[in-house]
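Below, each chain spelled out in residue letters.
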Amino acid sequence: MDIPQVSLPAALQAIQQRWLQLHRKEQDELYAQEFAAPFARLFAELPLFGASPSLPKPRALVSVLGFSWQPVALMAAWCRPEQILLLGTEDSLRQMVAGEDIQSIIARVADIDRDIIDKRRIGDPGETDIYRAVRDFLSTGISPREAFIDPTGGKKSMSASAALAGFVAGAALVYVDYKEYHGSNRIPVAGTEYPRLLANPLEVFGDLELRDVFVAFNRSDFDEAERLARKLSKRLYEPREAEALAELAAGYAAWDRFTFCDARKRLSEADRLITGFASMGKWGWATDVRETLTANLQALETLEKINRTPASLDEGLPLVIWYLAAAQRMAGAEKFSLAVLLLYAAMERFMGLCLRIEYGLDDEQPDYALIQDQIDQKSFDDAGKKLVGKGYQRRELAGPLMFTNSAQLLATLDPALLKPRDLGPMCGLATTRNKCEYEHGFLPRVPTRDNVEKSLESVKSIVMRRCQEIPLETRLASYRFPTLAGTQEP
């Protein structure tokens, strides 16, 4: 990228040649009186070197003032902000050039209202003064993304402090650079200055912060992943990658909460950002995510259409499969109690769905008279003993369908679907669920990986018997969430 440069008209070239022959004090006076204002108008038309054309000009500017006032005036002319915070020492703020005070010179050269400049005197050492001044300035209704921090002037400690404050806040850092240097007077040659965007350290170190987003996402802590991605997006000059990750995390968080409509909306926005910008930004994680995301959006569309009383197994099965996929994901994240609860819920819903579709039993208000003549009492009691154990007592069928009575009924009415060998594992699943920290008893017994894996395989083998046309594993694949990978090593 070529450095932008003002093409000086003949009149300014002549002033520049006079300027080169003068001592420092006379140079300042000539620059202020004859050169600055016409040059500033040309300077304001230059592109911001190193910036994307889409980066908007700021509403506010924070500038550090040293004894070279020219950078402040030129950057103010380029930005034309609504507000300026001018940070300087007692001496730099009270300096005069050819009888004119600094605030007036900046306003005249930049063609702005003098009253928008807020001067703040910085002590020595002044780091905390600068941090507080920038913080307070950005808390007056100005978003950090609407502010530029210009640390060009001032002594090194002030410039460094202003840059640090801007970086932490998430404001862009700009600089009045130059193409030629006046060696004897140790200042830029008048007319060779140009505006430049300082590279954001997060362009290099951002991989470390992205990795934190990935780790949170991959362990299913989607709210934390979104928070980290939103925070990062506010500190990047080009925030789209972090914004896409935030939408992705927000979408899967919503899906995790069973808010399918919101999940599809957020994931559709993530898909739009990935499709539009991933290749330009070289987002290493995006390629693997896109295929999974496409399948997930189709699955979500199906889940949105499910109502409380599905009319067929095919209509209701997607919800059961979603529970199974969520249980597998929780097990993979070592959240074993949540995995057990989801498996229990999946099985209860699957049995209720089968009893509704095949035998007409509503889960909340079942009419047991519909199936009374089909029940073999001995088979029903045998199933109860395997599910409950020695404490089993025959009870009249009454009340809503729950885990145990649904299993008894299904094992009795459809032994090809819920086989006698399935009842022991179902008893184990119920026992594990009842003893976990979210359920009964005083001292919990947290499920082990082995508990979860055995229950998962048992439930999957039962549900698989009703997935004849499309295999269960194929169905599950469209409900599995992606994992994020692809950052470079720092």
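Conventions we followed
Residues numbered from 1 in each chain as written. Predicted model: local features only at pLDDT ≥ 70, side-chain atom pairs only at ≥ 80, totals over all residues. Heavy atoms only, no water. Pairing = 2+ DSSP bridges. Helix = DSSP H or I, 4+ residues; strand = E, 2+ residues; numbered from the N terminus. Axes fitted to C-alpha atoms, helices over the stretch in contact; angles between N-to-C directions. Parallel < 35°, antiparallel > 145°, perpendicular 65-115°, else oblique. Left-handed = near helix turned anticlockwise from the far one by under 90°. Contact = heavy atoms within 4.5 Å. Nonpolar A, V, L, I, M, F, W, Y, C, P; charged D, E, K, R; others polar. Salt bridge = Lys/Arg side-chain N within 4 Å of Asp/Glu carboxyl O. Buried < 20%, exposed > 50% of the residue type's maximum accessible area, 1.4 Å probe, protein only. Right-handed = clockwise from strand over helix to strand, strands pointing away. Polar contact = N/O pair within 3.5 Å; in protein donor to acceptor, adjacent residues only side chain to side chain. Phe/Tyr/Trp six-rings, centres within 6.5 Å; stacked < 30°, edge-to-face > 60°.

Asker: Give me the lowdown on the sheet that holds strand 5 (residues 117–121), citing residues and values where you can.
Answerer: Hydrogen bonds along the backbone pair up the strands of a sheet, which may run parallel or antiparallel. Sheet architecture is open: six strands sit in the order 5-2-1-6-7-10, paired in mixed fashion. Only two strands of the sheet have a single neighbouring strand rather than two, namely strand 5 and strand 10 (193–197). For this sheet, the mean angle separating the axes of adjacent strands, direction not counted, is 25°. Sheet topology note: the strand 1 (residues 60–65)/strand 2 (residues 83–88) ladder contains six bridges and is parallel.

Asker: If you had to explain the packing of helix 2 (residues 24–43) against helix 3 (residues 70–79) to someone new, which residues and values would you point to?
Answerer: Where helix 2 contacts helix 3, the axes come no closer than 9 Å and their chain directions differ by 25°. Taken together, the axes of helix 2 and helix 3 are roughly parallel relative to one another. Between helix 2 and helix 3 lies a crossing whose hand is right-handed. Where helix 2 abuts helix 3, its residues Asp-28, Tyr-31, Phe-39, Ala-40 and Phe-43 lie against Gln-70, Leu-74, Met-75, Ala-77 and Trp-78. Taken together, the residues of the contact of helix 2 with helix 3 break down into eight nonpolar, one polar and one charged.

Asker: Run through the pattern of salt bridges, naming residues and quoting values.
Answerer: Going through the model one piece at a time under the given rule, you end up with 42 salt bridges. Of the charged contacts in the structure, one is a salt bridge between Asp-28 and Arg-24, with a shortest N-O distance of 3.8 Å. A residue pair is termed a helical-turn pair when its members lie 3 or 4 positions apart in one helix, as Asp-28 and Arg-24 do in helix 2 at four residues. Three or more residues are tied together by salt bridges with common partners; here these are Arg-308, Arg-356, Asp-362, Asp-363 and Glu-364.

Asker: Explain the environment of Tyr-31 residue by residue, including any values.
Answerer: Secondary-structure assignment places Tyr-31 in helix 2. A residue is classified by how much of its surface remains accessible, and Tyr-31, at 2% relative accessible area, is buried. As a C-alpha pair, Tyr-31 and Asp-113 span 82 residues in sequence and 20 Å in three-dimensional space. Other than its neighbours up to four places away in sequence, Tyr-31 contacts Trp-19, Ala-36, Phe-39, Trp-69, Gln-70, Leu-74, Ala-190 and Glu-193.

Asker: Any details on the pairing of strand 7 (residues 172–178)? Residues and values, ideally.
Answerer: Of all seven residues in strand 7, five are buried; the element is thus mostly enclosed. Direction of pairing for strand 6 (residues 147–150) relative to strand 7: parallel, over a ladder of two bridges. In the strand pairing of strand 7, Phe-148 is matched with Ala-172. Each parallel crossover has a hand, and the one from strand 6 via helix 7 (residues 156–169) to strand 7 is right-handed. For strand 7 and strand 10, the ladder comprises five bridges, and the chain directions are antiparallel. Its bridge partner being in strand 10, Val-176 is matched across the sheet by Pro-195.

Asker: Describe the environment of Ser-220, and please don't skip the residues or the numbers.
Answerer: You can see Ser-220 is positioned in the loop between helix 8 (202–218) and helix 9 (222–233). Judged by relative accessible area, Ser-220 falls into the buried class, the value being 8%. Sequence separation between Ser-220 and Lys-335 is 115 residues, and the spatial gap between their C-alpha atoms is 9.6 Å. A distance of 3.0 Å separates polar atoms of two side chains, one belonging to Ser-220 and the other to Arg-329.

Asker: Provide a residue-level description of the packing of aromatic side chains, including the pertinent values.
Answerer: Enumeration according to the criterion identifies 22 aromatic pairs in this entry. Between Tyr-252 and Trp-255 the ring centres are 6.1 Å apart and the planes differ by 15°, which places this aromatic pair in the stacked class. One end of the pair is Tyr-252 and the other is Trp-255, both in helix 10 (residues 240–256) and three residues apart, which spans about a single turn. A residue is classified by how much of its surface remains accessible, and Trp-255, at 0% relative accessible area, is buried. Measuring from ring centre to ring centre gives 5.0 Å for Phe-258 and Tyr-323, while their planes differ by 45°; the resulting arrangement is tilted.

Asker: Would you mind going over the packing of helix 11 (residues 260–281) against helix 12 (residues 286–304) in detail, with residue names and values included?
Answerer: Taken N-terminus to C-terminus, the directions of helix 11 and helix 12 make an angle of 150°; their axes are 10 Å apart at the nearest point. On the basis of their axis angle, the class for helix 11 and helix 12 is roughly antiparallel. As for how helix 11 packs across helix 12, the hand of that crossing is left-handed. Contact with helix 11, carried on its side by Phe-260, Cys-261, Ala-263, Arg-264, Leu-267, Ser-268, Asp-271, Ile-274, Thr-275 and Ala-278, involves Ala-286, Val-289, Arg-290, Leu-293, Leu-297, Leu-300, Glu-301, Leu-303 and Glu-304 of helix 12 and no other residues of that element. The residue inventory of the contact of helix 11 with helix 12, partitioned by class, reads twelve nonpolar, two polar and five charged.

Any functional reading would require information that these geometric values do not contain.
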